[in-house]
Amino acid sequence: SFIHKRVLYLGLNMIGGTPYSWTEKSNRHRKHLEQVRALFEEHEGKFEVIVLLKHADPGRNHRDFFGDGDRDGLFIDMIRRLGKPTIHFHGDNHNYYEEEGEYGVDNYMRISLDGESVAPPIRVSIDVSKPNPVTVSRRQSNLRVKCCSDGWPRLDDDDDDYYDYDDDYYNYYDDDE
């Protein structure tokens, strides 16, 4: 893990599929939680955005790390309490998709990345001076990014600029226009 330009990057050893040893996996997840909790405490006030990088999606084999949104002390509970935008990239399913607000946590975005050579590498920009600091591009016009092409977290209707989300495309509206 490291902090760069007020962004905390967490890289965790968490693989997909069925664990070869449930004991080893549980011990590793417990150590990850201890490390993440310590980092959040040690660097309080030093970061505005969290980026989580790991292979596995947060499925059934990883609930002891992620939780289900209601369990105290697990990762999802920690980021809910912090309130910092947290973007989680993983490649477990080898298909691109986005899950915003999963577990009922508005500041959590999960993006599953394409596998192998299906698409070009994504481009991620983070500027913590912006109210919606995270932008993601798939770098080809036919590969859309609903969540983050104009920034995430999205601003709401009460802000000066806001986003209207529809199923076909992500439209930006400026109240001054």
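About the thresholds
- Residue positions are counted from 1 within each chain, in the order its sequence is given.
- Per-residue local features of the predicted model are confined to residues with pLDDT of at least 70, and side-chain atom pairs are confined, for both listing and counting, to 80 or more; whole-chain, interface and lining totals are unaffected and use all residues.
- No hydrogens and no water enter the side-chain calculation; it runs on all heavy atoms of the structure.
- Numbering goes from the N terminus for both helices and strands, where a helix is a DSSP run of H or I of at least four residues and a strand is a run of E of at least two.
- The classification of residues rests on relative accessible area computed with a 1.4 Å probe and restricted to protein chains. Under 20% of the type maximum is buried, over 50% is exposed, and intermediate values are partly exposed.
- Pairing of aromatic side chains requires ring centres within 6.5 Å, counting the rings of Phe and Tyr and the six-membered ring of Trp. Pairs whose planes differ by under 30 degrees are stacked, by over 60 edge-to-face, and all others tilted.
- Both a distance and an angle decide whether a charge sits over a ring: NZ of Lys or CZ of Arg must be within 6 Å of the ring centre and within 35 degrees of the ring normal.
- The salt bridge criterion pairs a side-chain nitrogen of Lys or Arg with a carboxyl oxygen of Asp or Glu, the two atoms within 4 Å.
- Think of it this way: DSSP has to see at least two bridges between two strands before they count as a pair.
- Between N-to-C directions, angles span 0 to 180 degrees; the directions come from axes that are lines fitted to C-alpha atoms, helices contributing only their stretch in contact.
- Two residues qualify as a contact provided that any one of their heavy atoms is within 4.5 Å of a heavy atom in the partner residue.

Caption draft 1: Looking closely at unusual backbone geometry. Its identity is not glycine, yet lysine 5 carries a phi of approximately 55°, on the positive side. Among the structural elements, lysine 5 can be located in the loop between strand E1 (2–4) and strand E2 (7–11). On the accessibility criterion, lysine 5 (67% relative accessible area) is exposed. Although it is not a glycine, tyrosine 103 adopts a positive phi angle of roughly 65°. The residue tyrosine 103 is located in the loop between strand E5 (97–100) and strand E6 (108–112) in this model.

Caption draft 2: View of the packing of aromatic side chains. Under the counting rule described, the total for this entry stands at six aromatic pairs. For the pair phenylalanine 2 and tyrosine 9, a centre-to-centre distance of 4.8 Å together with 20° between the ring planes defines the contact as stacked. Taking 5.8 Å as the distance between ring centres and 80° as the angle between the ring planes, the aromatic pair formed by phenylalanine 66 and phenylalanine 75 counts as edge-to-face. Residue class for phenylalanine 75 comes out buried when judged on its relative accessible area of 0%. An aromatic cluster is defined as three or more aromatic residues linked by ring pairs; in this entry it consists of Phe65, Phe66 and Phe75. Looking at lysine 84, its charged tip hangs above the ring of phenylalanine 47, at a distance of 6.0 Å from the centre.

Caption draft 3: Examining the pattern of salt bridges more closely. Counting across every chain of the model gives eight salt bridges. Its salt-bridge partner being arginine 81, residue aspartate 77 comes within 2.9 Å of it at the nearest N-O pair. Taken together, the residues aspartate 77 and arginine 81, both in helix H3 (residues 75–82) and four residues apart, mark about one turn of the helix. Residue class for aspartate 77 comes out buried when judged on its relative accessible area of 6%. The class for arginine 81 is exposed, based on a relative accessible area of 60%. Within the structure, one salt-bridge network assembled from shared partners comprises Arg6, Glu48 and Lys84.

Caption draft 4: The arrangement of the sheet that holds strand E3 (residues 49–53) in detail. Read across the open sheet, the six strands follow the order E1-E2-E3-E4-E6-E5; overall the sheet is mixed. At either end of the open sheet lies a strand with only one pairing partner, and these are E1 and E5. Put simply, the sheet's adjacent strands are angled 20° from each other on average, direction ignored. Across the sheet, H3 touches E2, E3, strand E4 (86–90) and E6, and the angle it forms with E3 is around 165°.

Geometry only, nothing functional implied.
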